[in-house]
Amino acid sequence: MPQRNEFRAAREAAAPATEPAGGDVRMQIEALLRGEHDNPFYLLGMHREPPGEEVVVRTFQPQAAHVRVVDAASGEVVAELERVHPAGFFAGRTGRSERFRYRLRRDAAGRTVEFEDPYRFPPVLGELDLYLWAEGRHLRAYEKLGAHAREIEGVAGVAFAVWAPNARRVSVVGPFNNWDGRCHPMRRRVEGGVWEIFIPGLAPGELYKYEIKGAGGELLPLKADPFALRCEHPPNTASIVGQLGDGYRWRDEAWMSSRARANARSAPISIYECHLGSWARVPEEGNRPLRYAELAERLVAYVKDMGFTHVELLPISEYPFDGSWGYQPIGLFAPTSRFGTPDECRALLDRFHEAGIGMLLDWVPGHFPTDAHGLAHFDGTALYEHADPRQGFHHDWNTLIYNYGRNEVANFLTASALFWLDRYHIDGLRVDAVASMLYLDYSRKAGEWVPNRYGGNENIEATAFLRRMNELVFAEHEGATTVAEESTAWPAVSRPTYVGGLGFGYKWNMGWMHDTLRYMSRDPIYRRFHHHDLTFGLLYAFSENFVLPLSHDEVVHGKGSLIGRMPGDRWQKFANLRAYFGFMFAHPGKKLLFMGGEFGQEREWNHDSSLDWHLLNDPFHHGVQDLVRDLNHLYRGSPAMYELDCEPQGFEWIEASDSDNCVLSFLRRDRTGERIVIAVCNFTPVVHPAYRLGVPKPGRYLERINTDSSLYGGSNVGNAGGVAAASTPSHGRPYSIEITLPPLATVIFEWCP
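Everything numeric here is computed off the predicted structure, so don't read it as measured data.

Some words on the overall build of the protein
- The secondary structure content of the protein amounts to 15 helices and 37 strands.
- The principal-axis extents of the C-alpha atoms in the protein amount to approximately 110 × 60 × 45 Å.
- Counting all 753 residues of the protein, 61% fall into the buried class.
- The long-range fraction of contacts in the protein, counting pairs at least 24 apart against all pairs at least 6 apart in sequence, stands at 71%.

A short note on the pairing of strand 4 (residues 77-85)
- In terms of strand pairing, strand 3 (residues 66-71) meets strand 4 through 4 bridges, oriented antiparallel. Pairing of V67 across the sheet is with L81, part of strand 4.
- The antiparallel hairpin formed by strand 3 and strand 4 contains 5 residues in its connecting segment, where G75 sits at a positive phi of about 80°.
- Sheet analysis places strand 4 next to strand 5 (residues 89-93), joined by 3 bridges and oriented antiparallel. Directly across from R83, in strand 5, lies its bridge partner F90.
- The hairpin turn running from strand 4 into strand 5, its antiparallel successor, is 3 residues long, and G88 in that turn takes a positive phi close to 125°.

Digging into the pattern of salt bridges
- All told, the structure shown has 58 salt bridges when counted by the stated rule.
- Close ionic contact of E647 with R671 constitutes a salt bridge, the shortest N to O distance being 3.4 Å. You can see E647 sitting in the loop between helix 15 (619-637) and strand 30 (651-655) and its partner R671 sitting in the loop between strand 31 (663-669) and strand 32 (676-682), a full 24 residues away along the chain.
- Among the ionic contacts, a cluster of salt bridges with common partners joins R103, R105, E114, E116, R120 and E153.

Details of the packing of aromatic side chains
- According to the stated counting rule, one finds 48 aromatic pairs in the structure shown.
- Summarising the aromatic geometry, the rings of Y439 and W490 are spaced 5.5 Å apart at their centres and angled 80° between planes, so their arrangement reads as edge-to-face. Placement of Y439 in the loop between helix 9 (434-438) and helix 10 (460-476) and of W490 in the loop between strand 26 (481-484) and strand 27 (506-508) is noted, with a sequence separation of 51 residues between them. Across this residue pair, the class does not change: Y439 and W490 are buried.
- Over the ring of F100 we find R96, and its NZ or CZ is 4.4 Å from the ring centre.
- R120 extends its terminal NZ or CZ atom over the ring of F121, reaching a point 4.2 Å from the ring centre.

What to know about the nonpolar core
- Membership of the largest hydrophobic core comes to 187 residues, with the highest contact counts inside it found for F160, Y272 and W279.
- In terms of nonpolar packing, the next biggest core, distinct from the first, is built from 17 residues, I678, I737, L741 and F749 among them.

Focus: the sheet that holds strand 37 (residues 745-752)
- An order of 30-31-32-37-34-35 is seen for the 6 strands of this open sheet, with the pairing classed as antiparallel. What marks the edges here is a single partner per strand, and that holds for strand 30 and strand 35 (722-724). On average, each strand axis in the sheet is tilted by 25° relative to the strand beside it, whichever way the strands run.
- Relative to strand 37, strand 32 is paired through 6 bridges, and the arrangement is antiparallel. By the bridge assignment, N682 is partnered in strand 37 with A745.
- Taken strand by strand, helix 14 (residues 570-586) contacts strand 31, strand 32 and strand 37, and its axis lies near 40° from that of strand 37.
- Lying on the sheet, helix 15 is in contact with strand 34 (700-706) and strand 37; it crosses strand 34 at an angle near 140°.

Examining the packing of helix 3 (residues 127-135) against helix 8 (residues 407-423)
- For the pair helix 3 and helix 8, the least separation of the axes is 6 Å and the interaxial angle reads 100°. What the angle tells us is that helix 3 and helix 8 run roughly perpendicular. Contacts between helix 3 and helix 8 involve L132, W133, A134 and E135 on the former and, on the latter, N407, E408, N411 and F412.
- Here the contact of helix 3 with helix 8 is composed, by residue class, of 4 nonpolar, 2 polar and 2 charged.

With respect to the sheet that holds strand 9 (residues 155-163)
- Here 4 strands make up an open sheet; going across it, the order is 8-9-12-11 and the pairing antiparallel. Whereas interior strands pair on both sides, the edge strands pair on one side only; in this sheet they are strand 8 (146-152) and strand 11 (187-189). Across this sheet, the average inter-strand angle for adjacent strands is 30°, counted without regard to direction.
- Direction of pairing for strand 11 relative to strand 12 (residues 194-200): antiparallel, over a ladder of 3 bridges. Residue pairing across strands places R189 opposite V194, the latter belonging to strand 12.

Digging into the state of the cysteines
- Tallying each qualifying case throughout the model produces 0 disulfides.
- Free of any disulfide, C681 has its nearest neighbouring cysteine sulfur in C662, separated by 12 Å.

Examining the packing of helix 14 against helix 15
- Packing of helix 14 against helix 15 brings their axes to within 10 Å, and their N-to-C directions diverge by 10°. Classed by the angle they form, the pair helix 14 and helix 15 counts as roughly parallel. Residues R570, W571, F574, L577, R578, F581, G582 and F585 of helix 14 form the contact with helix 15, whose own contacting residues are F620, H621, V624, L627, V628, L631, N632 and Y635.
- Residues of the contact of helix 14 with helix 15, tallied by class, amount to 11 nonpolar, 3 polar and 2 charged.

Brief notes about the side chain of H425
- For H425, the location among the structural elements is in the loop between helix 8 and strand 25 (428-431).
- The exposure class assigned to H425 is buried, which follows from its relative accessible area of 14%.
- Separated by 2.8 Å, the side chains of H425 and D252 make a polar contact.
- With residues near it in sequence (within four places) discarded, H425 still touches W250, D252, M256, R259, H353 and W420.

Here we look at a nonpolar patch on the surface
- A contiguous nonpolar patch, built from I525, Y526 and F529 and spanning about 380 Å² of accessible area, is present on the exposed surface.
- When you line up the elements, F529 lands in the loop between helix 12 (524-527) and helix 13 (532-535).
- Taking the relative accessible area as the measure of exposure, F529 reaches 55% and is therefore exposed.

Considerations on helix 10
- Compared with an ideal rise of 1.5 Å per residue, which puts 17 residues at 24 Å, helix 10 spans 24 Å between its outermost C-alpha atoms and is within 8% of the ideal.
- A462, T463, F465, L466, M469, N470, L472 and V473 are the residues of helix 10 that are buried.
- Buried residues belonging to helix 10 abut strand 22 (358-363), helix 8, strand 25, helix 9 and strand 26.
- The backbone nitrogen of E461 has a side-chain oxygen 3.3 Å away, supplied by the residue at the start of helix 10, namely N459.

A few points about the confidence of the model for the protein
- With 97% of its residues at a pLDDT of 70 or more, the protein shows a mean pLDDT of 94.
- Contacts of residues 1-22 to residues separated by more than four positions or lying in other chains number 34 contacts, the stretch itself having pLDDT below 50.

Concerning the environment of G428
- The residue G428 is located in strand 25 in this model.
- Taking the C-alpha atoms as reference points, G428 and H310, 118 residues apart in sequence, are found 10.0 Å from one another.
- Beyond its immediate chain neighbours, meaning those up to four positions away, G428 contacts M359, L360, L361, L421 and T481.

Details of the environment of Y635
- Take Y635: it is sitting in helix 15.
- Note: C-alpha distance between Y635 and P268 (367 residues apart in sequence) is 6.9 Å.
- Polar side-chain contacts of Y635 include one of 3.0 Å to the side chain of D645.

What to know about unusual backbone geometry
- Residue P234 is joined to P235 through a cis peptide bond whose omega torsion reads 15°.
- As for its position among the elements, P235 is in the loop between strand 14 (230-231) and strand 15 (239-240).
- Despite not being glycine, N287 has its phi angle at roughly 60°, a positive value.
- Looking at the secondary structure, you find N287 in the loop between strand 17 (281-282) and strand 18 (288-289).
- Residue N287 is classed as partly exposed on the basis of its relative accessible area, which comes to 30%.

How each quantity is defined
Residues numbered from 1 in each chain as written. Predicted model: local features only at pLDDT ≥ 70, side-chain atom pairs only at ≥ 80, totals over all residues. Heavy atoms only, no water. Helix = DSSP H or I, 4+ residues; strand = E, 2+ residues; numbered from the N terminus. Buried < 20%, exposed > 50% of the residue type's maximum accessible area, 1.4 Å probe, protein only. Contact = heavy atoms within 4.5 Å. Pairing = 2+ DSSP bridges. Salt bridge = Lys/Arg side-chain N within 4 Å of Asp/Glu carboxyl O. Phe/Tyr/Trp six-rings, centres within 6.5 Å; stacked < 30°, edge-to-face > 60°. Lys NZ or Arg CZ within 6 Å of the ring centre and 35° of its normal. Core = buried A, V, L, I, M, F, W, Y, C linked by side-chain atoms within 4.5 Å. Axes fitted to C-alpha atoms, helices over the stretch in contact; angles between N-to-C directions. Parallel < 35°, antiparallel > 145°, perpendicular 65-115°, else oblique. Nonpolar A, V, L, I, M, F, W, Y, C, P; charged D, E, K, R; others polar. Disulfide = S-S within 2.5 Å. Polar contact = N/O pair within 3.5 Å; in protein donor to acceptor, adjacent residues only side chain to side chain. Patch = residues over 30% accessible without salt bridge, like charges linked within 9 Å, V, L, I, M, F, W, Y side chains within 5 Å. Areas by Shrake-Rupley, 256 points an atom, 1.4 Å probe, with all protein chains shown as cover. Expected span 1.5 Å × (residues − 1). pLDDT = per-residue confidence, 0-100.

Quick look at the structure:
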């Protein structure tokens, strides 16, 4: 990389060969209007020019009839500027030889307005900012690029900065200049490929976009700010001058100081996956979604009552298309305006923390949409994406793929990850579609992809980016974590980078989900032939730090709901679902359940409508909800069920081979080995009245959960609260219990000495 003195040389070399003092001003004005002037700051504003090095002021005011220069200190009018170009350029000599602070006074449409000249202010970004950005190491780039309200020389305004290295001209446009790109062309900082300007008088809440002329002189569609902190409500697409949240007063100090324990591998983690736009709606007001403030009242209380430890939000980074569910974002630094303001979003997250609930956010660094106002061909070239569609286009989703090998693009994404942890106190990022990032041939046929430099299909640049991102998350934000949605056998996804891993905290166990749902969808009479679908997952259960996901992807695109995939009559469907939930909570691995599953939503999820809360009037649905609540509380209160979720010492099979009866049983231990939980699952509608299980210790085994209980809508076959161990060896253990095993049920026992 070039050193800082070389950057300075690059900047000086990029200066126009002929400045206004020695050239034809009218030609340069024409060049500026065409978007061909290297730097408007050499033409506009205040300059000392021959003869006599007199101070000259130039400005572009297309609506003005007269423009005057006012001494800011005395209020004296020192010059009446002359219109030197019919488009609205004014210029004049001040009669002074030294620069001075000035303001402009404009007469237009019968009104006189006095204002600061944007072209009298110094550069916005320092050399170190540009150097770090070019190197890809500016961890807080979101504090410099984008639009930020600030004061310069005692004047309040907004500083704009945007990366567009191949553009011929970049201007800030908005209602403040009638969306006229001639009014506020930006200063080009060649050494970082960044354009910048400070516009006095603007404030948070102002709409804006960037007008960009490409390298060939073509005028591009107006672009939203990639670093915008706030965006208009879709379908409108303008960026809004936002704030970093320094003024928001967080109340989650206690949570933030202790969240490392809540995210640890040895902690109980039960995640409620939620899409804010469809969790609940307001039918009385056009079926609108709840706002952040309303969700803070209703959703937080519900999640806490249900006993979940964490909430995972489907993406809330601003996105243009509702049907993408947020997985095709445009604004990676802006919470969606669909539900309210950024501070209202912070207040929602704050309330979750006050309730002791961790917050995970779905984050999408894998691809972005082709919308004209977004990142696609941002400066007229393939800037954020690859130029070659074999590398830069996702056929499955009609989206573009980030060029992770470009320093600035990787910096843009890592800064986004750190931004949500820093400015919104997010506790973890669930990274979407990791497999599509890791493999160059992901969902591509032969000839549709470009091998890496070694001839392989691994995306070396994406792998390096993911490792760097994970290292930064864990280093910069104590207690935060990351979760990979990764569906292949890529090794060590959730292992540290220093041992060759990708560095994620957790990985979704997609194989467990597919295998077990396939098993549950079969009629019980055939399940005996597919027993391995339940047991195979334990062969690799401890190779990663797994989350068991029953996610939104399993209740869309014709797959049906969870309850809809269960076989049998109505009673059997609910019994199967309850048994499955019991099996999941007893199984090693952290838990994730998409909203609606906790009460047996019957139809597929629809992002445009509310969950079917009226179903809770049905005892079967209410019973499923009660079961999930009780499972959460049992899981959180029983260290044997979570402390060794990610370690083999916490799991033992009791009976894994009873395929004829479709029964399996296993035990879980805590770290001390003294706390024991036993789970027995019966996936047929047959009652087994004297089913014997070997156990390691004498004493009483309390029946903590029976999914067949009448409390949950079951037939109430059970064990009267518990059984005592006998000195009858079984399953290679010195003691055993004889239980009544209910139909289509999971029973969980806890050892009581």
